[in-house]
Protein chains: 2
Amino acid sequence: MDEETKTGFMREAIAEARNAAGAGEIPVGAVVVKDGEIIGRGRNRTEALKDPTAHAETEAIREAAKTLGGWRLTGCDMYVTAEPCVMCAGALVLARVRKAFIGTRNPKGGACVSLRGILQDERLNHAVEMEIGILQNECETVMKDFFAELRGAKRGRIKKSEDGNI
Amino acid sequence: MDEETKTGFMREAIAEARNAAGAGEIPVGAVVVKDGEIIGRGRNRTEALKDPTAHAETEAIREAAKTLGGWRLTGCDMYVTAEPCVMCAGALVLARVRKAFIGTRNPKGGACVSLRGILQDERLNHAVEMEIGILQNECETVMKDFFAELRGAKRGRIKKSEDGNI
């Protein structure tokens, strides 16, 4: 697959991540692609849906399965801004996703290369191909901006509270 | 916790597994318990919902989170008939479940003791306590009965097809 196609789909995943950030959610976005078309989109919505399983990847997988009318996402690829966690890596394997294109690593919770290698566990009945580093800087920036803003907001609240005590 | 309480809740999980079997789904059932009450129920519904993430554990977690009105299942226990897979073990950790009571091991895909030890990974930000073997025989029987019936049905279809060729 050519770079332009890959970055094009990753930009769509980044747009989903930015939507999540705008809603106050940890900004991860994902799209599922089949035959050159996006058939599922997802962004982290754990806070909005009050659902610990509502990660970008599971949301995108569920939408894609709905589009296809079946739970096997054979021949489908996922573009996701950050390395999937254990739950999501497991979901990618269960859904038979062909290949995962990942933006940036997640050293604290990533289960594809950082902490574990779930996607290529030969004992499971499917292996997901993987490529890491698609638009890595942009994907990292979304995450960094979000946490910088969060820290700023917290400092603001502390400052305000301190002012209130004067 | 006394044995009677544990087996009582596991019987509820087994009832969910039997419901799944009745619907032609691989029979796994789960309940989430808080302060002695069931606040979430789940059974495998991947075929019915055409959703690869619709396992008993994720369904029970999502219902429990809805009941509580938040995604953190702090102080909640799960009773599940079969050892959770990678996705579900990851979901238990994300949801901050206190303890998992597991019926029977799943040597091919279990991610708690069989293939991996996801529930007690010190690198993750929560660890789930675990006890295995609650009503193990009953939990195994549900699974064995289902696959025996499935094989019988397949043999029946082959026999019928052969008869048709005579």
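Before reading further, recall that the structure is shown in the block above.
Notes on the structure follow. Treat the numbers as computed from the prediction; the structure is a model and nothing was measured. (Residues numbered from 1 in each chain as written. Chains lettered and ligands numbered in written order. Predicted model: local features only at pLDDT ≥ 70, side-chain atom pairs only at ≥ 80, totals over all residues. Heavy atoms only, no water.)

Details of the relation of the copies chain B and chain A
Between the two copies of the chain lies a relationship made up of a rotation around an axis and a movement along it.
Stage number 1. The two copies are related by a screw operation: chain B maps onto chain A through 180° of rotation and 0.0 Å of translation along the axis, at an RMSD of 0.0 Å. What the rotation and shift describe, once combined, is the action of a two-fold rotation axis. Across chain B, the rotation axis passes nearest the C-alpha of B:Met87, at a separation of 2.0 Å.
Stage number 2. By residue overlap, the copies meet face to face through one surface: 100% of the interface positions of chain B are interface positions in chain A. (Least-squares fit on C-alpha atoms with pLDDT ≥ 70 in both. Contact = heavy atoms within 4.5 Å.)

Things to note about the sheet that holds strand β3 (residues 76-82) of chain A
Residue and element names in this part refer to chain A.
Stage number 1. Here five strands make up an open sheet; going across it, the order is β2-β1-β3-β4-β5 and the pairing mixed. In this open sheet, the two edge strands, each paired with only one partner strand, are β2 (37-43) and β5 (129-132). For this sheet the average axis-to-axis angle between neighbouring strands, irrespective of direction, equals 15°.
Stage number 2. Bridging between strand β1 (residues 29-34) and β2 involves six bridges; their strand directions are antiparallel. Following the sheet pairing, Lys34 is matched in β2 by Glu37. (Pairing = 2+ DSSP bridges. Helix = DSSP H or I, 4+ residues; strand = E, 2+ residues; numbered from the N terminus. Axes fitted to C-alpha atoms, helices over the stretch in contact; angles between N-to-C directions.)

Regarding the side chain of B:Glu25
Residue and element names in this part refer to chain B.
Stage number 1. Mapped onto the elements of the fold, Glu25 is located in the loop between α1 (3-22) and β1 (29-34).
Stage number 2. Although buried, Glu25 forms no salt bridge, and the nearest oppositely charged side chain, Arg45, lies 7.0 Å from it.
Stage number 3. Excluding its chain neighbours within four sequence positions, the residues that come into contact with Glu25 are Ala20, Asn44, Arg45, Thr46, Glu47, Ala48 and Phe146. (Buried < 20%, exposed > 50% of the residue type's maximum accessible area, 1.4 Å probe, protein only. Lys, Arg positive; Asp, Glu negative; His and termini not counted. Salt bridge = Lys/Arg side-chain N within 4 Å of Asp/Glu carboxyl O.)

Examining the pattern of salt bridges
Side-chain pairs of opposite charge can arise whenever the charged atoms involved come near each other.
Stage number 1. In total, this model carries 28 salt bridges over all chains according to the counting rule given.
Stage number 2. With a closest N to O distance of 2.9 Å, A:Asp51 and B:Arg62 form a salt bridge. Here B:Arg62 lies in helix α3 (residues 56-68) and A:Asp51 lies in the loop between α2 (46-49) and α3 (56-68), a pairing that spans two chains.
Stage number 3. When salt bridges with common partners are traced through the structure, they connect A:Glu3, A:Lys6, A:Lys99 and A:Glu131 into a single cluster.

Some points on a nonpolar patch on the surface
All names here are of chain A.
Stage number 1. A surface patch of nonpolar side chains, amounting to about 230 Å² of accessible area, comprises Ile26, Phe147 and Leu150.
Stage number 2. Mapping Leu150 onto the fold places it in helix α5 (residues 136-165).
Stage number 3. Given a relative accessible area of 37%, Leu150 falls into the partly exposed group. (Patch = residues over 30% accessible without salt bridge, like charges linked within 9 Å, V, L, I, M, F, W, Y side chains within 5 Å. Areas by Shrake-Rupley, 256 points an atom, 1.4 Å probe, with all protein chains shown as cover.)

Quick notes on the interface of chain B and chain A
Stage number 1. Counting residues at the interface gives 30 residues for chain B, matched by 30 residues for chain A.
Stage number 2. Between chain B and chain A the total buried area reaches about 2,600 Å² when both faces are included, carbon and sulfur atoms providing 64% of it.
Stage number 3. Among the residues chain B hides against chain A, the three largest losses belong to B:Pro52, B:Trp71 and B:Arg116. Together they make up 23% of the total.
Stage number 4. Here chain B and chain A share four salt bridges between them.
Stage number 5. In this structure, B:Arg116 and A:Asp121 form a salt bridge, with 3.1 Å as the shortest nitrogen-oxygen distance.
Stage number 6. On the surface where chain B and chain A come into contact, there are eight residue pairs in polar contact (both at pLDDT 80 or more).
Stage number 7. Where the side of chain B that touches chain A is concerned, the elements lending two or more residues are α2 (46-49), α3 and α4 (86-94) of chain B.
Stage number 8. It is α4(B) that provides the largest number of residues to the side of chain B that touches chain A, a total of five residues. (Buried area = accessible area lost by both parts, 1.4 Å probe. Polar contact = N/O pair within 3.5 Å; in protein donor to acceptor, adjacent residues only side chain to side chain.)

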